2 protein chains.
Amino acid sequence: MDILEQKIKVQGDIVRKLKAAKAGATTDEERASLSTQIKDEVAKLLSLKAEKEASSSAPSTADETEAEADKADAGAGASGQVVTPWEVEGGEDGIDYDRLLRDFGTQEITPELIARVEELTGKPAHPWLRRGLFFSHRDLKELLDAYEAGTPFYVYTGRGPSSDSMHVGHLIPFLFTKYLQDAFDVPLVIQMTDDEKFLWKNMSLDDAAIFLRENVKDIIAVGFDPAKTFIFADTDYIQHLYPNVLKIRKATTGSMVRAIFGFTNSDNIGKWGFPAVQAAPSFASTFPHMFGNRRDIRCLIPAAIDQDPYFRLTRDVAPKLGYLKPSLIYTRFFPGLQGAGSKMGSSSPMSAIFLTDSKKQIKKKIGACVSGGGETIEEHRANGANLARDIPFQYLEVFLDDDARLEEIRVEYSAGRMLTGEVKKELIAIMADLVANHQAARAKVTDEQVTEFMSVRSFDHLGLAEFRDYAKKQTGKQKKKKNKKKATPAEPAAAAAPTSTA
Amino acid sequence: MDILEQKIKVQGDIVRKLKAAKAGATTDEERASLSTQIKDEVAKLLSLKAEKEASSSAPSTADETEAEADKADAGAGASGQVVTPWEVEGGEDGIDYDRLLRDFGTQEITPELIARVEELTGKPAHPWLRRGLFFSHRDLKELLDAYEAGTPFYVYTGRGPSSDSMHVGHLIPFLFTKYLQDAFDVPLVIQMTDDEKFLWKNMSLDDAAIFLRENVKDIIAVGFDPAKTFIFADTDYIQHLYPNVLKIRKATTGSMVRAIFGFTNSDNIGKWGFPAVQAAPSFASTFPHMFGNRRDIRCLIPAAIDQDPYFRLTRDVAPKLGYLKPSLIYTRFFPGLQGAGSKMGSSSPMSAIFLTDSKKQIKKKIGACVSGGGETIEEHRANGANLARDIPFQYLEVFLDDDARLEEIRVEYSAGRMLTGEVKKELIAIMADLVANHQAARAKVTDEQVTEFMSVRSFDHLGLAEFRDYAKKQTGKQKKKKNKKKATPAEPAAAAAPTSTA
């Protein structure tokens, strides 16, 4: 109480100082600027007073807050590296992923863990696992243990609908999600956060609804199985989300979201409450039409590492609600065509390969992208390519399936025997194929399919009994070390998702 | 930025000081207490740092914040009087309503306004208007002007479901709402805030759902017309509330809810966002099944004056969304049986007359309630009763319809010619009747009726065309100064709501 009073005094001094400064101001501009500052500082003073008034009856801050806040603070710390769901800014040498792992407290995906995935799925691991694009996790081992012991899980991923055409970077989590769905033969939920976009952007709800349907068509074109995939818009499914959203909000203080997300009093209250909406689908009880009353079903979330703050909060809150913590598997950031730190977006068309691009556009964009080749052929032959800053090679690492060919290019290109133009040519062929296949698949997606994927329907084949039987069968298979029968590929036709050639 | 840094420095000093104090602490208790304080202060320090980080990109505080904050600050100010939706605390002489009007900035209900209501409805005003129980308003004149000009309005009221049996104080807004519905022949929405109770109380959502249905039966027993009344639970209707809830939240900053409601960072984020849920039903667009796409339909909200913070926020936000501000009509607080400042609640059964009480219980409670009569008969005959602290008389002012008889009692009782026992006897008869009638009406309320009132149904007779025609007819009638045909009383039988005898 003394301390609060002390702060009120300090804040009062600040206001007085500003008012004195305003009285002595000589220009209108100065006065206007000071008025704004005074207004802000008065609001803070009143907040402190309100806090003082309420402090006698206020519950104490949650235990986890300090530890979590420390982590978050460190995550946006000394190196100048900032990674939040809304801002990704590397230091001078780009993102320091080792530091990010330490700061966020996530685990590295080890070769042992990858071998475990291969054993359990009876399939070679996805190249993105082997090549470290998906590089970090939380509780993946626990999830695999439970799966092996016969407890099923579901996959949860999502997207904020935007007016921008989706680009190939947006496709990565969905392509990997399709691999997970097929390899583990598990149900999938995809959250479309139209409410988030509305709250953060200058976008109406009506516009968000339009963009959302367009984005959903791109997602369906990836080839998810409608018999085990539920896609939902927050504003459509809020009726079912709301009970868990309320429970999460009740267990989350203002201090927690301030510390984890850096919200301030100037942020709208929709933002303050939104993390609960993204957290809710991490819990099976949010989907009774899929999972009935089962509370033992785990959740695996593939996402870009910048989404970790949401799931740190989710995992913090889960035990308080008697829910299982979700497991996470995180991808590195996919670079823009202008270099590792560059942003991708429709405002600068040359920054990314969009899913609507023609082969000609792709050729032009890759032709112009940042490479690590020498300035001249002579220099290149002499020194070789700097792969660490070579976008064409980094794209091949993601989109070229053939491990042997990739290794060959790595050796030849870095030795200077292969030219940037040759590497780009190979990438152009792959990307043009990927995009053309996607466009063909997307053209086949009908409005009826969108409606089907998004309807709150009974997932009969995931009925409780069958789901349990399935899990048992799964375990039985593993014990016999036999390869699992490959799931029948579902309509719509899958886009050219990279699959292992090993 | 300098100021924020200065505050970070101050806050850092506070933390250091506390840590030093902890190091020098001699008892475990002292250490534990200091640990808690340190944790809180560290959280604040981190919040400030996060604010600093985010401040470059944060939007500026809304213009209204300072003015609103000033008002709220004053409302809980120097006199020691505190009136918020969660706390009502008068000064030494009870609630100073004049001060409340000034602080909140609401208007007095004048005799002219009451005459206007009588003229427009073609009926004598409700005794609670004439007697000043409903004493204050916002924009009631504007609403009546629009009504006279042919624009219809709807009434919105609500209740937070609680485990407590409802008492007669809870009935007041609903009885008055029934008068409004009948007199103006307008549609009505009743919000049951199960989410609010869940967020504020130690109550599960399942329990809230059970209490809610019980409370709804009591409300239906008041006699609302099912053909023009929609009762909804927030968790049931959130699908339809959500678009306006999002719009309101987007237009409301953390500073605004801090200043208006006194929330602190220790409050859960559900509380921070809840005001938008209570605000949303103030806008006709929240009920498309009732009002279609019409945006000219106004809203009148009868409520206890402690709810004003919610509607101050609502009215602040309305123009930003292009919506009409709701009008409000506020009641004074209804006193508990133990005296003007006493709380009513099921934890102290003698504090209130509950809707489940028997005649015997009512007799006992009123017999024991606080009166303003003399200590002895002699003293009473000599000095008369002090009506300002006489609960039986104050209850009669609310529940005795007969103006002449009330005046007679006022004169005789305050002169000491009538004894407290006689006054209590008269009150017992009235309250026993009221409660017995309510119980009889409630016993007739079926589960089917609850389901009907709460179903999102098409209000055919309120269809756009008819509603417009109705409004025109209404205006025509007013011009002819004819009394409006009384609406057919609807099943279930109305409880003994006071109606004017004048």
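Residues numbered from 1 in each chain as written. Chains lettered and ligands numbered in written order. Predicted model: local features only at pLDDT ≥ 70, side-chain atom pairs only at ≥ 80, totals over all residues. Heavy atoms only, no water.

The name given to chain A in an unreviewed UniProt entry is Tryptophan--tRNA ligase, cytoplasmic, and the organism recorded there is Thecamonas trahens ATCC 50062. The Sequence similarities (unreviewed entry) field of the UniProt record for chain A holds the comment "Belongs to the class-I aminoacyl-tRNA synthetase family." Word for word, the UniProt comment on chain A under Subcellular location (unreviewed entry) is "Cytoplasm". (UniProt positions renumbered as here; feature names shortened; annotations may be inferred.)

Where do I start with the overall build of chain A in this structure?
Each helix and strand in chain A was counted, giving 22 helices and nine strands. A separation of at least 24 residues holds for 77% of the contacts in chain A among residues at least 6 apart in sequence. Looking at chain A as shown, the accessible area adds up to about 20500 Å², and 51% of this sits on carbon and sulfur atoms. (Helix = DSSP H or I, 4+ residues; strand = E, 2+ residues; numbered from the N terminus. Contact = heavy atoms within 4.5 Å. Areas by Shrake-Rupley, 256 points an atom, 1.4 Å probe, with all protein chains shown as cover.)

Could you clarify how one ought to interpret helix H8 (residues 168-184) of chain A in this entry?
Residues and elements named next belong to chain A. The terminal C-alpha atoms of H8 lie 24 Å apart, and with 17 residues this matches the ideal 24 Å at 1.5 Å per residue to within 8%. Within H8, 15 of the 17 residues are buried, leaving the element largely enclosed by the surrounding structure. Just downstream of H8, Asp185 is the residue with a positive phi angle, here 55 degrees. (Expected span 1.5 Å × (residues − 1). Buried < 20%, exposed > 50% of the residue type's maximum accessible area, 1.4 Å probe, protein only.)

Help me understand the packing of aromatic side chains in this model?
Two measures describe an aromatic ring pair: the distance that separates the ring centres and the angle between the ring planes. For the structure on display, the rule yields 64 aromatic pairs over all chains. Sitting over the face of the ring of Phe198 of chain A, Lys250 of chain B holds its NZ or CZ atom 4.2 Å from the ring centroid. (Phe/Tyr/Trp six-rings, centres within 6.5 Å; stacked < 30°, edge-to-face > 60°. Lys NZ or Arg CZ within 6 Å of the ring centre and 35° of its normal.)

Sorry if this is basic, but what is going on with the confidence of the model for chain A here?
Any residue range with low pLDDT should be treated as having predicted coordinates unsuitable for detailed reading. Residues and elements named next belong to chain A. For chain A, per-residue confidence averages 84 on the pLDDT scale, and residues scoring 70 or more make up 81% of the total. Contacts from residues 54-78, a stretch scored under 50 in pLDDT, to residues over four places away or in other chains number 43 contacts. Across residues 481-502, confidence stays below pLDDT 50; counting only partners more than four residues off in sequence or on other chains, it has 51 contacts. (pLDDT = per-residue confidence, 0-100.)

Sorry, what's going on with the nonpolar core here?
One broad rule of soluble globular proteins: the nonpolar side chains tend to lie buried together. Tyr154 and Phe287 of chain A together with Tyr154 and Phe287 of chain B are the most contacted members of the largest nonpolar core, which totals 106 residues. When sequence neighbours within four positions are dropped, the list of residues in contact with Tyr154 of chain A reads Pro187, Val189, Pro281, Ser282, Phe283, Ala284, Phe287, Phe291, Ile297, Arg298, Cys299 and Leu300 of chain A. Ranked by size, the runner-up nonpolar core spans 75 residues in total, among them Val117, Leu133, Tyr147 and Ile219 of chain B. (Core = buried A, V, L, I, M, F, W, Y, C linked by side-chain atoms within 4.5 Å.)

Help me out: how do you make sense of the sheet that holds strand S4 (residues 134-138) of chain A in this one?
By definition, the strands of a sheet pair up through backbone hydrogen bonds, in either a parallel or an antiparallel sense. Residues and elements named next belong to chain A. If you trace the seven strands from one edge of the open sheet to the other, you get S3-S4-S9-S8-S5-S6-S7, paired in mixed fashion. Among the strands making up the open sheet, the edge pair consists of strand S3 (107-108) and strand S7 (229-233). Here strand S6 (residues 188-192) pairs with S7 via five bridges, running parallel. Bridging from a neighbouring strand, Ile190 pairs with Ile231 of S7. Packed on one face of the sheet, helix H7 (residues 140-148) meets S4, strand S5 (153-159), strand S8 (298-304) and strand S9 (327-331) and runs near 140 degrees to S8. (Pairing = 2+ DSSP bridges. Axes fitted to C-alpha atoms, helices over the stretch in contact; angles between N-to-C directions.)

Help me understand the packing of helix H5 (residues 111-121) of chain A against H8 of chain A, please; the structure alone is not making it clear to me.
Helix packing geometry: the angle between the two helix axes and the distance between the axes. Residues and elements named next belong to chain A. Between H5 and H8, whose axes approach to 9 Å, the crossing angle comes to 50 degrees. For the element pair H5 / H8, the angle class is oblique. Together, Val117, Leu120 and Thr121 of H5 and Tyr179, Ala183 and Phe184 of H8 make up the contact between the two elements. In terms of residue class, the contact of H5 with H8 is built from five nonpolar, one polar and no charged. (Parallel < 35°, antiparallel > 145°, perpendicular 65-115°, else oblique. Nonpolar A, V, L, I, M, F, W, Y, C, P; charged D, E, K, R; others polar.)

Honestly, the sheet that holds strand S3 (residues 107-108) of chain B in this entry has me stumped. Any pointers?
All names here are of chain B. Spatial strand order, S3-S4-S9-S8-S5-S6-S7: seven strands in an open sheet with mixed pairing. Strand pairing shows two members of the sheet lacking a second neighbour, S3 and strand S7 (229-233), which therefore form its edges. Examined bridge by bridge, strand S4 (residues 134-138) and strand S9 (residues 327-331) share four bridges and lie antiparallel to one another. Considered in S9, the bridge of Phe134 is made with Thr331. Together, S3 and S4 form the strand contacts of helix H4 (residues 97-104), whose direction differs from that of S4 by roughly 10 degrees. Here helix H10 (residues 205-220) sits on the sheet and contacts strand S5 (153-159), strand S6 (188-192) and S7; the angle it forms with S6, its principal contact strand, is near 150 degrees.

Which parts of the structure should I look at to understand the pattern of salt bridges?
Here the idea is simple: oppositely charged side chains can pair when their charged atoms come close. In the structure shown here, the tally under the stated rule is 46 salt bridges over all chains. Put simply, Glu397 of chain B and Arg410 of chain B hold a salt bridge, and the shortest N to O gap is 3.9 Å. Here Glu397 of chain B, found in helix H19 (residues 391-399), pairs with Arg410 of chain B, found in helix H20 (residues 403-414); they are 13 residues apart in sequence, far enough to count as distant. For Glu397 of chain B, a relative accessible area of 28% puts it in the partly exposed group. Taking the relative accessible area as the measure of exposure, Arg410 of chain B reaches 30% and is therefore partly exposed. Taken together, the shared-partner salt bridges connect Arg116, Lys141, Asp145 and Glu148 of chain A into one network. (Salt bridge = Lys/Arg side-chain N within 4 Å of Asp/Glu carboxyl O.)

Looking at this structure, I do not really get unusual backbone geometry. What am I missing?
The residue Asp185 of chain A is not glycine, and still its phi comes out positive at about 55 degrees. Its relative accessible area of 25% is what places Asp185 of chain A among the partly exposed residues. Positive phi is not limited to glycine here, since Asp139 of chain B has a value of about 55 degrees. Secondary-structure assignment places Asp139 of chain B in the loop between S4 and helix H7 (140-148). For Asp139 of chain B, a relative accessible area of 23% gives the class partly exposed.

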